[in-house]
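Per-entry structural report
Listed below are the residues making up each chain.
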Amino acid sequence: MGTIKLIYTRLPDRVSHFQQELLYEDDEVIVTTQRLKPSTPIVIDGITVMGAHFNAIWFIFANRWYDIGKIYNLENQFTGYYCDIILPMKRSEPHIEITDLFLDVWVSQDGSYQILDADEFESALHNHRIQADLANQARKALQELIIEIESGAFPPEIVIRW
């Protein structure tokens, strides 16, 4: 289907550009894929669930305060979901923009979850890299995501079908 440019902002002003393979798009969601290069792997219960060269299928929603990465290891086995708390995406042809709000959630295959980067979020708040009102929105988005996970409403139908 082509590629799409993702402009990724990390508050206050760190901007990265990624070219991703575009798999699908409509008014509600853009689905892309990429090989990952995380700064540090994510290890849950002694197992690396997200690491270098793992594959991610990203679901970036028009009106949600989070995105979802469906993560596959080097053997192409599904390991779980990585969710970034973000500002809802902005579309500006021919690219999309997202702003990371520091908080992340890992959701394992069994539905258990872990909040990631809470210390980084608190540091950003303390150091004024995120404004208090936006931090409150990020906390609210995190709580809403947790409610979805705990109620069994997570992941959204499009993520299940993909």
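Coordinates for the structure precede this section.
Everything in this summary refers to the structure shown in the same document. (Residues numbered from 1 in each chain as written. Predicted model: local features only at pLDDT ≥ 70, side-chain atom pairs only at ≥ 80, totals over all residues. Heavy atoms only, no water.)

1. Things to note about the overall build of the chain
Assigned secondary structure in the chain consists of three helices and 11 strands. Across the chain, helices and strands are ordered from the amino to the carboxyl terminus as β-β-β-β-β-β-β-β-β-β-β-α-α-α. Evaluated residue by residue, the chain yields a buried proportion of 47% over its 162 residues. Of the contacts made within the chain by residues no fewer than 6 positions apart, 46% connect residues no fewer than 24 positions apart. Carbon and sulfur atoms make up 49% of the accessible area of the chain, which amounts to about 8700 Å² in all. (Helix = DSSP H or I, 4+ residues; strand = E, 2+ residues; numbered from the N terminus. Buried < 20%, exposed > 50% of the residue type's maximum accessible area, 1.4 Å probe, protein only. Contact = heavy atoms within 4.5 Å. Areas by Shrake-Rupley, 256 points an atom, 1.4 Å probe, with all protein chains shown as cover.)

2. Examining the pairing of strand 5 (residues 47-50)
Pairing of strand 4 (residues 42-44) with strand 5, which is carried by three bridges, proceeds in the antiparallel orientation. Residue pairing in the sheet places Ile 42 in a bridge with Met 50 of strand 5. In this structure, the hairpin formed by strand 4 and strand 5 is closed by a connection of two residues, where Asp 45 is found at a positive phi of approximately 50 degrees. (Pairing = 2+ DSSP bridges.)

3. Some details on the pairing of strand 10 (residues 95-108)
Where burial is concerned, most of strand 10 is hidden: 13 out of the 14 residues are buried. In terms of strand pairing, strand 1 (residues 3-10) meets strand 10 through six bridges, oriented parallel. Of the residues in strand 10, the one forming a bridge with Thr 9 is Thr 99. Examined bridge by bridge, strand 9 (residues 90-92) and strand 10 share three bridges and lie antiparallel to one another. Directly across from Lys 90, in strand 10, lies its bridge partner Glu 97. Where strand 9 folds back onto strand 10 in an antiparallel hairpin, the turn is made up of two residues. Of the strand pairs in this sheet, strand 10 and strand 11 (residues 113-116) are connected by four bridges, and their pairing is antiparallel. Following the sheet pairing, Trp 106 is matched in strand 11 by Gln 114. Between strand 10 and the antiparallel strand that follows it, strand 11, lie four residues; Gly 111 among them carries a positive phi value of about 90 degrees.

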